[in-house]
Amino acid sequence: MKTKNTENEDVIVLQSEDKKIRKKKKGIGKIIVLLILIFLLSGAIFGVVYYRNRTFSSCEIVNTYYFEENGVMSYETYLDNVVRYSKDGITYVNAEGEVIWSSSYQMKMPKVYVNKEYALAVDFNGNEVYLFDGKGLVKKFTTPYNICNAEVAANGVMAIVLEADEENYIYLYDKESTELVEIKTTIGQNGYPLDIALSQDGKKMVASYVNTENMGVTTKLAFYNFSSVGQNENSDRLVGGVEFSGSLVPEVKFLDNDTVCAFVDDKIIVYDMKDKPGEKAKIEFKDGPRSVFANEKYIGFITESESQTGSYLLKVYNLEGKERFQKEINMEYLQIVAGEDELLLVGSSSLLVMDYRGNIKYQGDLGVVAKGAVCSGKKYEYIILGENANYQICLK
């Protein structure tokens with residue numbers, strides 16, 4: 001017969017063994033959870049690596065959108081597709097080929113500028129201005145002098161350069177055509193305006209002026225701030241300037257609200273302009289590039305290649321001026337498109353798609369004659385612009 005003490009000892013032994021079993025089960029459970037996490041992490045890493053290194057061997061036309069082309073048509077990337085425009089009018093067609101809006105006008109030299117949901121159509125050497133958003137016409141008005149350049153901000157603010165007999169004017173209008181700012185310039189004092197760029201909020205602007213006096217060429221960049229910062233400077237809100245002797249600056253561009261890119265004929269310069277301009281990066285090249293490009297993260301150019309392995313040399317940099325990669329290109333191209341995640345080089349019947357690590361995702365035949373291309377907003381899907389049709393393609 002067991003004594004009470006013996007029974008207690010047996011209970012203690014059983015409890016101790018039960019604890020050991022539970023502890024062992026917990027340990028096994030932790031190992032299983034750890035193994036599952038390792039498996040999931042490995043799968044995720046594999047997926048990322050596979051996705052980054054994935055390449056495609058063909059492209060497929062998934063939709064074709066035919067249209068009647070009346071006269072010479074031009075295109076600009078707009079929202080998820082393009083706007084088509086000519087001397088007679090402008091049409092916005094979405095990615096499904098549906099006409100969202102269309103407007104008629106009569107312009108001698110139409111030019112369209114787009115930013116986010118706004119599309120600005122102006123008549124060069126004329127006075128007509130049309131502002132559109134994703135739903136259609138927002139405002140139509142005329143200018144007091146002939147238009148020679150324009151730009152639109154993401155909020156619909158417009159900068160329009162006008163040419164009078166002896167001077168030029170830069171007017172800023174809001175989307176209701178209310179005049180916000182007037183800047184008067186002269187050839188002798190400022191030079192002739194080559195290009196302008198507006199920040200996304202329409203509160204900052206940079207203008208490129210060229211002067212050809214004394215048998216030489218001088219280009220000046222003028223930085224304007226229309227916020228309280230510029231009000232404290234002078235009546236023109238000029239907060240900074242840079243002069244380039246012997247060089248042209250044919251293009252300036254805001255990459256985001258505070259970053260300006262100036263494309264000089266022998267270099268690309270990035271300026272930080274949170275309030276006043278300051279040089280952020282400079283990328284120089286020996287010979288004039290065949291193409292330049294920029295987006296919110298990267299800038300780059302294409303030059304003639306000096307090697308025997310490619311026709312052209314592509315170089316891509318981040319906004320701090322650090323080289324991201326360089327690549328030999330073996331194709332003739334009509335257009336380069338700097339998308340958010342990819343670079344497109346479009347030939348008359350060919351396409352090259354490259355990511356910003358220098359990996360070629362696709363290079364091959366399109367199967368159609370192309371005039372250009374736009375990114376559709378969907379990964380590895382693009383809109384190819386043809387003679388009398390647009391083609392929605394995807395890589396396979």
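Placed above this text is the structure.
The sections below set out a description of the structure shown in this document. (Residues numbered from 1 in each chain as written. Predicted model: local features only at pLDDT ≥ 70, side-chain atom pairs only at ≥ 80, totals over all residues. Heavy atoms only, no water.)

With that out of the way, let us pick up the pattern of salt bridges. Going through the model one piece at a time under the given rule, you end up with nine salt bridges. Salt-bridge contacts for K204 lead to D258; the nearest nitrogen and oxygen are separated by 2.5 Å. Of this pair, K204 sits in strand β15 (residues 204–211) while D258 sits in the loop between β18 (251–256) and β19 (259–264), placing them 54 residues apart in sequence. For the salt bridge of D355 with R357, the shortest nitrogen-to-oxygen distance reads 3.1 Å. Its relative accessible area of 37% is what places R357 among the partly exposed residues. Bridged by salt links that share partners, the residues D341, E342 and K379 form one connected network. (Salt bridge = Lys/Arg side-chain N within 4 Å of Asp/Glu carboxyl O. Helix = DSSP H or I, 4+ residues; strand = E, 2+ residues; numbered from the N terminus. Buried < 20%, exposed > 50% of the residue type's maximum accessible area, 1.4 Å probe, protein only.)

So, about the sheet that holds strand β11 (residues 158–163). The strand order across the open sheet formed by four strands is β10-β11-β12-β13, and the pairing between neighbours is antiparallel. Because the sheet does not close on itself, it has two edges, and the strands there are β10 (146–152) and β13 (179–185). In this sheet, neighbouring strand axes are inclined to one another by 20 degrees on average, regardless of whether the strands run parallel or antiparallel. Of the pairings in the sheet, the one linking β10 to β11 comprises six bridges and is antiparallel in character. Its bridge partner lying in β11, N149 is registered against V161. (Pairing = 2+ DSSP bridges. Axes fitted to C-alpha atoms, helices over the stretch in contact; angles between N-to-C directions.)

Let us now look at the nonpolar core. Side chains of nonpolar character tend, in soluble globular proteins, to be buried together. L344, L351, L366, Y382, I384, I393 and L395 are the most contacted members of the largest nonpolar core, which has 19 residues in total. Contributing elements (two or more residues each) for this core: β27 (342–346), β28 (350–355), β31 (381–385) and β32 (389–395). Per element, the largest residue contribution to this core is four residues, and it comes from β32. Beyond its immediate sequence surroundings of up to four residues, L395 is in contact with F56, S58, C59, V353, Y362, Y380 and Y382. (Core = buried A, V, L, I, M, F, W, Y, C linked by side-chain atoms within 4.5 Å. Contact = heavy atoms within 4.5 Å.)

Quick look at the sheet that holds strand β23 (residues 298–304) now. As summarised here, the arrangement of the four strands in space is β22-β23-β24-β25, forming an open sheet in which the pairing is antiparallel. This sheet does not close on itself; its edge strands, each paired only once, are β22 (291–294) and β25 (323–329). For this sheet, the mean angle separating the axes of adjacent strands, direction not counted, is 15 degrees. Taken together, the four bridges between β22 and β23 define a ladder with antiparallel strand orientation. Of the residues in β23, the one forming a bridge with F293 is G300.

Glancing now at the environment of I283. Summarising the element assignment, I283 is placed in strand β21 (residues 278–284). Here I283 falls in the buried class, since its relative accessible area comes to 4%. Residues I283 and I268, 15 residues apart in the sequence, show an inter-C-alpha distance of 5.1 Å.

Now for the packing of aromatic side chains. Evaluated as defined, the whole model comprises 17 aromatic pairs. Where Y78 meets W101, the ring centres are 6.3 Å apart and the plane angle is 70 degrees; that geometry is what we call edge-to-face. Of this pair, Y78 sits in strand β2 (residues 74–78) while W101 sits in strand β5 (residues 99–104), placing them 23 residues apart in sequence. With a relative accessible area of 1%, Y78 lands in the buried category. Note on W101: relative accessible area 6%, which makes it buried. (Phe/Tyr/Trp six-rings, centres within 6.5 Å; stacked < 30°, edge-to-face > 60°.)

It is worth spelling out the environment of L351 at this point. Tracing the backbone through its elements, the reader meets L351 in strand β28. What makes L351 buried here is its relative accessible area of 1%. For the pair L351 and A373, spaced 22 residues apart in sequence, the C-alpha to C-alpha distance is 9.2 Å. Setting aside anything within four residues of it in sequence, one finds L351 in contact with L344, L345, V346, Y362, Q363, G364, L366, Y382 and I393.

In short, shape yes, function no, at least from these values alone.
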